[in-house]
Amino acid sequence: MSTSTAELLKGAAELFPDEVVTQAHVRHIDLPGGAGRFALITLDNGLDHTKPTTFGPASLANLDSELDTVEREAKAGEIVGAGITGKPFIFAVGADLKGVELLKRHEDALAIGQGGHAVFRRLADLGVPTFAYYNGAAMGGGVEVGLHCTYRTVSQALPAFGLPEVFLGLVPGWGGCALLPNLIGAERAVSVIIENSLNQNKQLKGPQVYELGIADALFEGADFLEESLRWTASVLKGEIEVVRAEVDRDEAWDQAVARGREIADGKVHGAAPAAYRALDIVAAAKNGDLRAGFEAEDQALADLIMGGELRSGIYAFNLVQKRAKRPAGAPDKSLARPVTKVGVVGAGLMASQLALLFARRLEVPVVLTDIDQERVDKGVGYVHEEIDKLLLKGRVNQDKANRLKALVSGSLDKAAAFADADFVIEAVFEEMSLKQKIFAEVEAVVPEHAILATNTSSLSITEMASQLRHPERVVGFHFFNPVAVLPLLEIVRAERTDDASLATAFSVAKSLKKTAVLVKDAPAFVVNRVLTRFLGEVLRSIDEGTPVEVADRALAPLGLPMSPIVLLELVGPAVAHHVSGTLNAAFPDRFGVSENLGRVVEAGKRNLYVHDSGKPELDPEVDALFQTGDTVLTEEQVRDRALDAIAQEIRLMLDEGVVAEAQDVDLCLITGAGWPFHLGGITPYLDRAGVSERAAGRRFLEPGVASVPA
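Residues numbered from 1 in each chain as written. Predicted model: local features only at pLDDT ≥ 70, side-chain atom pairs only at ≥ 80, totals over all residues. Heavy atoms only, no water.

**So, helix α14 (residues 308–321)**
Phase 1 of the analysis: The end-to-end C-alpha separation of α14 is 20 Å, in line with the 20 Å expected for 14 residues at 1.5 Å each.
Phase 2 of the analysis: At its buried positions, α14 is contacted by α3 (97–100), α6 (165–168), α13 (290–305), α29 (662–673) and α30 (683–688). (Helix = DSSP H or I, 4+ residues; strand = E, 2+ residues; numbered from the N terminus. Expected span 1.5 Å × (residues − 1). Contact = heavy atoms within 4.5 Å.)

**Observations concerning the sheet that holds strand β11 (residues 366–369)**
Phase 1 of the analysis: In spatial order, the strands read β12-β11-β10-β13-β14-β15-β16-β17; together these 8 strands make up an open sheet with mixed pairing. One side of each edge strand has no neighbouring strand; the edge strands of this open sheet are β12 (408–411) and β17 (515–520). The average undirected angle you get between the axes of adjacent strands in this sheet is 25 degrees.
Phase 2 of the analysis: Two elements, strand β10 (residues 342–345) and β11, share 4 bridges in a ladder whose sense is parallel. For V342, the partnering residue across the bridge sits in β11 and is V366.
Phase 3 of the analysis: Contacting β16 (488–493) and β17, α29 crosses the sheet at an angle of about 130 degrees to β17. (Pairing = 2+ DSSP bridges. Axes fitted to C-alpha atoms, helices over the stretch in contact; angles between N-to-C directions.)

**Considerations on the pattern of salt bridges**
Phase 1 of the analysis: Across all of its chains, the model carries 44 salt bridges by this definition.
Phase 2 of the analysis: Two residues, R540 and E544, come together in a salt bridge whose shortest N-O distance is 3.3 Å. With R540 and E544 both in helix α22 (residues 527–544), this residue pair falls 4 residues apart, about one helical turn.
Phase 3 of the analysis: Taking the relative accessible area as the measure of exposure, E544 reaches 24% and is therefore partly exposed. (Salt bridge = Lys/Arg side-chain N within 4 Å of Asp/Glu carboxyl O. Buried < 20%, exposed > 50% of the residue type's maximum accessible area, 1.4 Å probe, protein only.)

**What to know about the nonpolar core**
Phase 1 of the analysis: In terms of nonpolar packing, the biggest core is built from 174 residues, with L63, I194, F534, I682 and L686 touching the most fellow members.
Phase 2 of the analysis: Apart from residues lying up to four places away in sequence, I682 is in contact with L558, I646, I650, D666, L669 and W675.
Phase 3 of the analysis: Membership of the second largest hydrophobic core comes to 45 residues, among which are V383, V408, F423 and F506. (Core = buried A, V, L, I, M, F, W, Y, C linked by side-chain atoms within 4.5 Å.)

**So, helix α24 (residues 564–571)**
In an α-helix there are 3.6 residues to a turn, and that puts residues three or four apart on one side.
Phase 1 of the analysis: Restricting attention to buried positions, one finds in α24 the residues P564, I565, L567, L568 and E569.
Phase 2 of the analysis: Looking at the packing, one finds that the buried side of α24 touches α22, α23 (548–553), α25 (573–586), α26 (595–602) and β18 (609–610).

**Focus on the environment of V538**
Phase 1 of the analysis: By the secondary structure assignment, V538 is in helix α22.
Phase 2 of the analysis: Using a relative accessible area of 1% as the deciding quantity, one classes V538 as buried.
Phase 3 of the analysis: Setting aside residues up to four positions removed in sequence, V538 forms contacts with A551, L555, P564 and V638.

**What to know about a negative patch on the surface**
Phase 1 of the analysis: Judged by side-chain charge, E246, D248, D250 and E251 come together as a negatively charged surface patch.
Phase 2 of the analysis: Along the chain, D248 falls in the loop between α10 (224–236) and α11 (251–268).
Phase 3 of the analysis: Exposure remark for D248: the relative accessible area of 41% places this residue in the partly exposed category. (Patch = residues over 30% accessible without salt bridge, like charges linked within 9 Å, V, L, I, M, F, W, Y side chains within 5 Å. Areas by Shrake-Rupley, 256 points an atom, 1.4 Å probe, with all protein chains shown as cover. Lys, Arg positive; Asp, Glu negative; His and termini not counted. Charge placed at Lys NZ, Arg CZ, Asp CG, Glu CD.)

**Let's talk about a positive patch on the surface**
Phase 1 of the analysis: Together, R361, K393, R395 and K513 make up a positively charged patch on the protein surface.
Phase 2 of the analysis: When you line up the elements, R395 lands in the loop between α16 (373–392) and α17 (398–407).
Phase 3 of the analysis: Taking the relative accessible area as the measure of exposure, R395 reaches 53% and is therefore exposed.

**Let's talk about the sheet that holds strand β6 (residues 137–139)**
Phase 1 of the analysis: If you trace the 3 strands from one edge of the open sheet to the other, you get β4-β6-β8, paired in parallel fashion. Either end of the sheet is taken by a strand with one partner, and the two such strands are β4 (90–92) and β8 (161–162).
Phase 2 of the analysis: Bridge count for β6 against β8 is 2 bridges, and the pairing is parallel. The residue bridging M139 from the neighbouring strand is G162, located in β8.

**Some words on the packing of aromatic side chains**
Phase 1 of the analysis: All chains considered together, the criterion is met by 17 aromatic pairs.
Phase 2 of the analysis: Between the aromatic rings of F131 and Y133, the centroid separation amounts to 6.3 Å while the plane-to-plane angle is 25 degrees, which identifies the pairing as stacked. Each of the two residues, F131 as well as Y133, counts as buried.
Phase 3 of the analysis: Centre to centre, the rings of F587 and F591 are 6.1 Å apart; their planes meet at 40 degrees, and the pair counts as tilted. Like F591, F587 is buried.
Phase 4 of the analysis: An aromatic cluster is present here, built from F38, F131, Y133, Y151 and W231 joined pairwise through their rings.
Phase 5 of the analysis: Over the face of the ring belonging to F591 we find R533, whose NZ or CZ atom lies 5.9 Å from the ring centre. (Phe/Tyr/Trp six-rings, centres within 6.5 Å; stacked < 30°, edge-to-face > 60°. Lys NZ or Arg CZ within 6 Å of the ring centre and 35° of its normal.)

**A closer look at the side chain of S197**
Phase 1 of the analysis: Along the chain, the position of S197 falls in helix α8 (residues 186–198).
Phase 2 of the analysis: From its side chain, S197 meets the backbone nitrogen of F167 in a polar contact 2.8 Å long.
Phase 3 of the analysis: The residues touching S197, leaving out its near neighbours within four places in the chain, are L163, P164, E165, V166, F167 and V192. (Polar contact = N/O pair within 3.5 Å; in protein donor to acceptor, adjacent residues only side chain to side chain.)

**Let's talk about unusual backbone geometry**
Phase 1 of the analysis: Cis geometry marks the peptide bond from N481 to P482; its omega dihedral reads 0 degrees.
Phase 2 of the analysis: Phi is positive for F89, close to 75 degrees, though the residue is something other than glycine.
Phase 3 of the analysis: Tracing the chain through its elements places F89 in the loop between β3 (81–86) and β4.
Phase 4 of the analysis: For F89, a relative accessible area of 59% corresponds to the exposed category.
Phase 5 of the analysis: Phi at N201 is positive, roughly 55 degrees, even though this residue is not glycine.
Phase 6 of the analysis: Relative to the helices and strands, N201 resides in the loop between α8 and α9 (206–211).

**So, the pairing of β16**
Phase 1 of the analysis: Most of β16 sits inside the fold, with 5 of its 6 residues counted as buried.
Phase 2 of the analysis: Bridging between strand β15 (residues 474–479) and β16 involves 5 bridges; their strand directions are antiparallel. Each residue of the ladder has a partner; that of F479, found in β16, is L489.
Phase 3 of the analysis: Viewed along the sheet, the connection from β16 through helix α21 (residues 499–511) into β17 turns out right-handed. (Right-handed = clockwise from strand over helix to strand, strands pointing away.)

Right, dumping it as structure tokens:
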């Protein structure tokens, strides 16, 4: 270890007091076939696979120290090569983000990048061939440490491999941006660094790692290390020659970077800098100057660590990984009752999606009911078709497909269908009297312990349960569409819902693998209330005279997953109009009902845009329906109005106790509306942009939470 590297890591370690330290254990083995003595380094933090191995400063120092010994042995001719692998199921998952949150100074952030490079580069400079054996999950710095090696193997069973940094608001800063395109070409590197990362942090499996050319050999998981060492021996003896495809450094490189910028524009619309900084480094890496590339990575890493987007990204990551697993306010799980059969009232698209989800996750009988046999048959048929699709994709085998299909049935007779159901959920039209009637019918035939759940998106659960003999067992169970994709489940406690019913709802949500957030019974709950308030401001600006295309572009600088009008089309004008009506009745001073949207609904139009020219343009028929004023706002004015409205509404929701904390609002928007990590959901952005204080009187989060500590 050089003095400068040692000092760098020692100083950084003092800033990471709670680091879970990874050890680098070196053992020496004699390779098969007399290939020679070999140094094998195993990364291990001493914990099981549920606590993945990470690289903090002390961990890097441990690896650096062990490389001193390995380097001496290499120079003395005592070893023919060195390899690095991980503990069972885990190779390494990158930098210790807990420590990154604590950094306050640019120079400290710079030291983290430089320290990682200084240690990892030694694997390329040992003087003997080096090998990375990706035996398990490898992400971020775990991927990058292997890229510095001469050769790489990967396990067929490896479940997750990727560079998630851009997703979080960073760049692959320990060699990823410079080394990967020089290994597999810019086109493939851009897919891994930018496209996969911005596609909800998509991970690669072992075979894909090999097919991309990141690994030189692929072996079965059962004897992966043994086979990797046998392959290593053959490489060192010259029996196997590793041939890699030549990297195209001409126009194809520039085209790949341009494609990456298009992907970034489409996903974040320039709102978050990480993807663009990563692409700048990839573009500059075309000449193969790795040293310059590493220096650019160091600088980008430091700049981004000191930026609000990364802090928001880490905050969002922690919400999804930690808070989501321990829902605030959830009752003691020991109160939950078992669910051995599920009933679904309704057999439309939403109800059918729910039936499929319950069958797949709970693997218990699920029965749908509706008003006629044709609807019931259509609902059951949808579930069976979706299971067939899973079979074709290899997601389930034939036996599992048959069993899942057998679990889902339909009936017109609620008494027969629900007599032994433990959990019945309704998913019918949003009309209070209809839902009350259905619950009365269901209550009369289900067992006394059965939970009655509603998928309502905006109606009062308390009112819905008010005419029942046992309102204490009614709970809101609000899913988001598409059910299979969006993780959020708003669990709504009505005024008389008891703890056992609520605990059962949370237990079911966990079995469904959903992110459950406890919500008070308030109009439209969380996500729909926030979205309707912000969408209402955009529609109001259009009603007043702002051109649709101007209003629709107003929120683009935030990098939301879709523009307001596209969101309106996805929700459906009729549904959006209904929810705005519900909220207008509850809060007429803040929620308006757009007469223009009403005309669109009345005309039966489902879309406001047509795409005849290849880009979205206002449908002339919709344009003819609109009656507007003559107040024309700029994009900035529309944006300020919408953001102020969001901040005001969230403050009111918190004051009303709709959720426990601002963190729950953010978790809902991330998992239920797909709002990006670089916003932290939304409250970190509102704090950072000064909107919170301007519109709501104070910040939502304490300084240092989702922001650089003071």
